[in-house]
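Observations on chain architecture
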Amino acid sequence: MSEHYDVIIIGTGAGGGTLANVLGRAGKRTLLLERGNFLPREKENWDPDQVRANGRYVSRDTWYDGEGRPFQPKVYYFVGGATKMYGAALYRLRPGDFGELRHVDGLSPAWPLGYDDFEPWYTRAEWLYQVHGTHGEDPTEGHWSKDYPWPAVSHERSIQQLSDDLERAGYHPFSAPCGILLDEANRQRSACIRCGTCDGFPCLLHAKSDAEVIGVRPVLDLDNVTLVVDAEVQRLTTGPSGRAVTGVVVSHAGETVTYRGDVVVLAAGAVNTARILLRSASGAHPAGLANASGQVGRNYMTHNSSPVVVIAKEPNHTAFQKTLGLNDFYFAGDGRPWPLGNIQMVGKSSMAARRAELPAEVAGHAVDFWLTTEDLPRPDNRVTVDRDGNVHLAYQVTNQPAADGLRRELTTAMSRIGIAADRVLDQNSLPHNPLAGVAHQAGTCRFGADPATSVLDLNCKAHELDNLYVADASFLPSVGAVNPALTVMANAIRVGEHLLERLS
Ligand SMILES: Cc1cc2nc3c(=O)[nH]c(=O)nc-3n(C[C@H](O)[C@H](O)[C@H](O)COP(=O)(O)OP(=O)(O)OC[C@H]3O[C@@H](n4cnc5c(N)ncnc54)[C@H](O)[C@@H]3O)c2cc1C
């Protein structure tokens, strides 16, 4: 390839798609390499049988667990990455998440930067991704320099009732932040029709603020931005000193192609970014690129999450259910020795799938919650690759007693507002492989000041290389108990502004 780029970005999801938007708009010659293609807009986008039961959009990858047993990860390779399927719950981490937190299973480490450092980037990300919300309702929230661009999505009747009941009982429900292209004041101009199908499904209307719609598409017409799809990056090569990436080796249309740029940014998702680095071992980097510390692939995190269905006395006809959150048990306190996590609602489509499992007489009364407890970074929870380049993911869930505690708190809250505790159905017993749930994968190349304990420096540049950056969920030193995408987007904007300074 004769073309030379200012920046090559590998992956077009929350990290890569957002970064492309920043660099593309600033006029940088940017090449986007994406393993997948555009997700087709087709009626199957909203078909639960196709999406859930048949896994129509799940990749055909095979990964292996710590014992070498194969499994199919629920990973999505498209322009927009995992955000094509995400629920667009766009939360900031809480200020306390940036400090050291003592959990039942150990410590969640302090970040090298604090909430104040991230606040301006969170604001930029909320405006770029058109987030709806109301600041100031959730007592665990940090300060904000600017309001959300859109008011919170209004609660439907049953959720408003739930919110009022919780408030009367002394809890602090809040409007969940949500990235959808909805104009409630002017339905004619609104792309989103409040069908509530965003969570776990692609949006046929392109009305969800995903990384394709918001990040990539708006810069694709620019002369300085090039996107190559079906381009799977295999490895990165360096010059003799090992200090700079000199080539990005890609499989594309049955051929091997090498691209070159001044700066290379990995944003292939936490598992695949680690895979590419580990597959790029060379004489100068025998343990894998940027891996003299042995940290690449380690500290893999996801979230300890579970669905819980509550059977209300009144029927629940809500279409767009994902409008309420509850963080009263997020941190330790009030007699709780450890942080428990976040409670939020699930979207209609996930709801439909879960309700299909319920007896018909109660399904119409189901109120569907999603409980999230922080997962801790453990060195042995890690990605490795074998000689053939296959991913091996060794993982043990953490903080289970806290996840159980969160469920008990929800049960108590529901009893207090008049929904009998014995009508709370735990669906944890449904067969599932916790390893396959890689939706919130994070942490395999954490950033930090010390090259002995981190892979990236504070600008997310690899400590050991002069021109290699990482801008996806790999950089997270801890994952908190709220959904990670907004933090990935905010950090990508931060890295983008650093690169603009560097390249000027
Ligand atoms: C069903 C579901 C629901 C979710 N709901 C929420 C939510 O409501 N809120 C929230 O905050 N988060 C949610 N998430 C998580 C969120 O989507 C991720 O945290 C976020 O997308 C991570 O961003 P990333 O850039 O690290 O990875 P991704 O967004 O996955 O992007 C990685 C990109 O790299 C590409 N790629 C991979 N390997 C290669 C390669 N070798 N060469 C070239 N390209 C490659 C992929 O195709 C992909 O486009 C959800 C995820 C899923 C799957």
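Since this is a predicted model, take the numbers as computed values, not measurements.

Focus on the pairing of strand β12 (residues 245-252)
Sheet topology note: the strand β11 (residues 231-238)/β12 ladder contains seven bridges and is antiparallel. If you follow V233 over to β12, its bridge partner there is V250. Hairpin connection of β11 to β12: six residues between the antiparallel strands, including G242 at a positive phi of 75 degrees. As paired elements, β12 and strand β13 (residues 255-266) share five bridges and run antiparallel to each other. Counterpart to S251 in the pairing with β13 is T256.

A short note on the packing of helix α1 (residues 14-25) against helix α10 (residues 485-503)
Put simply, α1 and α10 touch, their axes get as near as 8 Å, and they point 40 degrees apart. The orientation of α1 with respect to α10, classified from their angle, is oblique. α1 and α10 meet at a crossing whose hand is right-handed. Residues A14, G15, T18, L19, V22 and L23 of α1 form the contact with α10, whose participating residues are V488, M489, A492, I493, V495, G496, E497, L499 and L500.

What about helix α9 (residues 400-416)?
End to end, α9 covers 24 Å across 17 residues, agreeing with the expected 24 Å (1.5 Å per residue, within 8%). The set of residues buried in α9 consists of A402, A403, G405, L406, L410, T411, A413 and M414. Looking at the residues trailing α9, positive phi occurs at G418, about 100 degrees.

Some thoughts on helix α6 (residues 270-279)
Since the α-helix advances by 3.6 residues per turn, residues separated by three or four positions end up pointing in the same direction. When you tally the buried positions in α6, you get nine out of 10 residues, the bulk of the element. For α6, the set of buried residues is A270, V271, N272, T273, A274, R275, I276, L277 and L278.

Comments concerning the UniProt feature "domain: Glucose-methanol-choline oxidoreductase N-terminal" (unreviewed entry) in the protein chain
When the UniProt feature table is mapped onto this chain, "domain: Glucose-methanol-choline oxidoreductase N-terminal" (unreviewed entry) is found at residues 79-303. The span residues 79-303 is 19% helical and 20% strand by assignment, and the distance between its end C-alpha atoms comes to 24 Å.

Considerations on empty space enclosed by the protein
In total, this model carries four cavities of 30 Å³ or more according to the counting rule given. The space that makes up the largest cavity amounts to roughly 110 Å³. Lining the largest cavity are 15 residues, with R94, E141, Y148, F174 and P177 positioned closest to its centre. Across the lining of the largest cavity, the residue classes break down as five nonpolar, four polar and six charged.

Quick word on the pairing of strand β17 (residues 366-374)
In terms of burial, β17 is largely enclosed, as eight of its nine residues are buried. As paired elements, strand β14 (residues 303-311) and β17 share nine bridges and run antiparallel to each other. Its bridge partner lying in β17, N304 is registered against T373. Across four bridges, strand β16 (residues 342-345) lies against β17 in antiparallel orientation. Bridge pairing links N342 to T372 in β17.

Details of the site of the ligand
As a structural note, the neighbourhood of the ligand is formed by 37 residues, with G15, E34, A89, A473 and A485 the closest of them. Here A14 contributes a backbone N or O atom positioned 3.1 Å from an oxygen atom of the ligand. The contact in question runs from an oxygen atom of the ligand to an N or O atom on the backbone of G15, over 2.9 Å. Alone, the ligand offers 1,000 Å² of accessible surface; in the complex the protein occludes 94% of this. Every element with two or more residues in the shell around the ligand is listed here: α1, β11, α6 and α10. For the shell around the ligand, the leading source of residues is β11, giving three residues. Broken down by class, the residue content of the shell around the ligand amounts to 21 nonpolar, 12 polar and four charged.

Quick notes on the packing of aromatic side chains
Tallied over the full model, the rule gives 16 aromatic pairs. Judged by centre distance (6.2 Å) and plane angle (35 degrees), the ring pair of Y115 and Y122 falls under tilted. For the residue pair Y115 and Y122, the accessibility class agrees, reading buried in each case. Judged by centre distance (6.4 Å) and plane angle (15 degrees), the rings of F118 and F475 are stacked. A residue pair is termed long-range when its members are at least 10 positions apart, and F118 in helix α3 (residues 115-128) and F475 in the loop between β21 (468-470) and α10 qualify at 357 residues.

Thoughts on the layout of surface pockets
Within this model, the second largest pocket holds a volume of roughly 330 Å³. Along its surface, the second largest pocket is lined by 18 residues, and Q161, D165, A312, E314 and I419 are the ones closest to its centre. For the lining of the second largest pocket, the secondary structure elements donating two or more residues are α4 (157-168) and β17. Tallying contributions element by element places α4 first for the lining of the second largest pocket, with six residues. Counted by class, the lining of the second largest pocket contains 10 nonpolar, four polar and four charged residues.

Rules used throughout
Residues numbered from 1 in each chain as written. Predicted model: local features only at pLDDT ≥ 70, side-chain atom pairs only at ≥ 80, totals over all residues. Heavy atoms only, no water. Pairing = 2+ DSSP bridges. Helix = DSSP H or I, 4+ residues; strand = E, 2+ residues; numbered from the N terminus. Axes fitted to C-alpha atoms, helices over the stretch in contact; angles between N-to-C directions. Parallel < 35°, antiparallel > 145°, perpendicular 65-115°, else oblique. Left-handed = near helix turned anticlockwise from the far one by under 90°. Contact = heavy atoms within 4.5 Å. Expected span 1.5 Å × (residues − 1). Buried < 20%, exposed > 50% of the residue type's maximum accessible area, 1.4 Å probe, protein only. UniProt positions renumbered as here; feature names shortened; annotations may be inferred. 1 Å grid on protein atoms, 1.4 Å probe; cavity = no way out; pocket = protein on both sides within 12 Å on 5 of 7 lines; lining within 4 Å. Points joined across faces, edges and corners; volume = space filled by probe spheres on them. Nonpolar A, V, L, I, M, F, W, Y, C, P; charged D, E, K, R; others polar. Near = heavy atom within 4 Å. Polar contact = N/O pair within 3.5 Å; in protein donor to acceptor, adjacent residues only side chain to side chain. Areas by Shrake-Rupley, 256 points an atom, 1.4 Å probe, with all protein chains shown as cover. Phe/Tyr/Trp six-rings, centres within 6.5 Å; stacked < 30°, edge-to-face > 60°.

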